[in-house]
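# Chain and residue survey
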Amino acid sequence: MKILVTGGLGYIGSHVVVDLLAKDYEVVIIDNLANASIDVLENIEKIAHKKPMFEELDVRDKAGLQSFFKKHQDITGVIHFAASKAVGESVENPLLYYENNLNSLVYLLQELEKMPQARLIFSSSCTVYGQADVLPVTEDAPVKTAESPYGNTKQIGEEIIQDVCKVRPAMKAIALRYFNPIGAHESALIGELPLGTPQNLVPYITQTAIGLREQLSVYGDDYNTADGTAVRDYIHVVDLAAAHVVALERLLKLDDAPNFETFNIGTGKGSSVLEVITTFEKVSNAPLNYKIVGRREGDITAAYANTDKAATVLGWKSKLTLEEALASSWKWEQQVRNSK
Ligand code: WQD
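None of the values given here were measured: they were computed from a predicted structure. (Residues numbered from 1 in each chain as written. Predicted model: local features only at pLDDT ≥ 70, side-chain atom pairs only at ≥ 80, totals over all residues. Heavy atoms only, no water.)

## Brief notes about the overall build of the protein
Each helix and strand in the protein was counted, giving 11 helices and 13 strands. Taking 340 residues into account, the globule formula puts the C-alpha radius of gyration at 20 Å, and the protein, at 19 Å, falls close to it. Considering the protein as a whole, with its 340 residues, one finds that 52% of them fall into the buried category. Summarising the internal contacts of the protein: among those between residues at least 6 apart in sequence, 80% fall at separations of at least 24. Accessible surface for the protein amounts to roughly 14,900 Å². Of this, 50% is attributable to carbon and sulfur atoms. (Helix = DSSP H or I, 4+ residues; strand = E, 2+ residues; numbered from the N terminus. Rg over C-alpha atoms; globule rule 2.2 N^0.38 Å. Buried < 20%, exposed > 50% of the residue type's maximum accessible area, 1.4 Å probe, protein only. Contact = heavy atoms within 4.5 Å. Areas by Shrake-Rupley, 256 points an atom, 1.4 Å probe, with all protein chains shown as cover.)

## Thoughts on the site of the ligand
Taken together, 19 residues surround the ligand, and among them Leu201, Ser217, Arg232, Arg296 and Asp299 come closest. In the model, an oxygen atom of the ligand is placed 2.8 Å from a nitrogen or oxygen of the Leu201 main chain. In this structure, an oxygen atom belonging to the ligand sits 2.9 Å away from a main-chain N or O atom of Tyr219. Isolated, the ligand exposes 690 Å² of accessible area, and the fraction of that covered by the protein chains is 92%. (Near = heavy atom within 4 Å. Polar contact = N/O pair within 3.5 Å; in protein donor to acceptor, adjacent residues only side chain to side chain.)

## A look at the packing of aromatic side chains
Enumeration according to the criterion identifies 3 aromatic pairs in this entry. When the centroid spacing of 5.5 Å and the interplanar angle of 80° are considered together, the rings of Phe68 and Phe69 count as edge-to-face. For the pair formed by Phe68 and Phe69, the shared burial category is buried. Between the aromatic rings of Phe280 and Trp330, the centroid separation amounts to 5.4 Å while the plane-to-plane angle is 80°, which identifies the pairing as edge-to-face. Remark: Trp330 occurs in helix H11 (residues 322-338) and Phe280 occurs in helix H9 (residues 273-284); sequence separation between them is 50 residues. The ring of Tyr223 carries the charged tip of Arg295 above its face, separated from the ring centre by 4.0 Å. We note Lys309 situated over the ring of Phe263; from NZ or CZ to the ring centre the distance is 4.8 Å. (Phe/Tyr/Trp six-rings, centres within 6.5 Å; stacked < 30°, edge-to-face > 60°. Lys NZ or Arg CZ within 6 Å of the ring centre and 35° of its normal.)

## Structural notes on the environment of Arg295
With respect to the helices, strands and loops of the structure, Arg295 is situated in the loop between strand E13 (290-293) and helix H10 (308-314). We classify Arg295 as partly exposed; its relative accessible area is 48%. Sequence spacing of Arg295 and Thr229 is 66 residues, and the spatial spacing of their C-alpha atoms is 9.4 Å. With residues up to four places along the chain from it excluded, the contact list for Arg295 reads Tyr219, Gly220, Asp222 and Tyr223.

## Some remarks on the packing of H9 against H11
Contact geometry for H9 and H11: axes closest at 9 Å, N-to-C directions at 60°. If you check the angle between H9 and H11, you find them oblique. As H9 packs across H11, the resulting crossing turns out to be right-handed. Listed contacts from H11 to Val276, Thr279, Phe280, Lys282, Val283 and Ser284 of H9 are Leu322, Glu323, Leu326, Ala327 and Trp330. (Axes fitted to C-alpha atoms, helices over the stretch in contact; angles between N-to-C directions. Parallel < 35°, antiparallel > 145°, perpendicular 65-115°, else oblique. Left-handed = near helix turned anticlockwise from the far one by under 90°.)

Structural data, given as structure tokens:
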């Protein structure tokens, strides 16, 4: 079974590739290296003791993608990560996001609809819910107006896929709505490598703890939550990776699976920013330098998943704790800095 993983050298993609190789899938990665290092390929091989095929290719390169699929006609499934994903950048540069995230998806789907049978896992996000009215949020909660062009590309992406699957019975797809991915592989050989100043909380925490950043700014402590700081559902990337393989196998093995399904992939537990900080301090055994500042534009108060559907339909549940995830992030940060 040959699986294509687009963006497979990225943070989540690399963890999924490791899992696929461990389950004896043949993997081919395409990545344009815009937000990933080619060194990840070697580290995947060190972990999996197998080397996936790799082609440097931008999914927006329509002709390049066509010839790729001509060369790999034995692809049975596709996991599509390749996209830009920085919320703030998407507000500054919306067309970059609409062009990259949507054109690449359309070109990929144009190749998939030529296949006798296509199975697609799409990387989506809890951002599609905005600030849900009811928490924990279920998959049938209303999709709200996106807070950012990034979030909008995920909403539109799901709609494009759903429309295609409606009229192409040979195509089946699952959209996985990630909550907040954190953590790194236990080997500390792969993990999150933010380019420039990290936008996300956990890489900013680990870079502050290691001395790369002076101080963490906590964006607001006046939210309507237990301690006033915003609440998110932080899921270990290793648990998140496992969900991709389970979802793919549902599509590969179940002929009567619905043509399009969405699943929340989270822990089902909300943690506040201050809870993440105190848990990290326990893990790193040192106080973290932070200050409370004003809210960040576009942030919501709270988001955490109802994961019943993934549990009953996919048979998937998260296993790792916030503390384990933060410990793996810290180990990864120390390894990355020591290898610089
Ligand atoms: C988490 C919390 C911040 C940084 C976004 C996307 C989501 C996914 C993950 C791509 C919030 C607070 C953060 C900092 C802080 N993106 N924070 N100081 O915004 O929940 O989700 O990133 O896959 O789709 O929407 O994640 O890590 O940026 O923020 O106080 O320096 O930490 O205000 O409450 P977010 P985040």
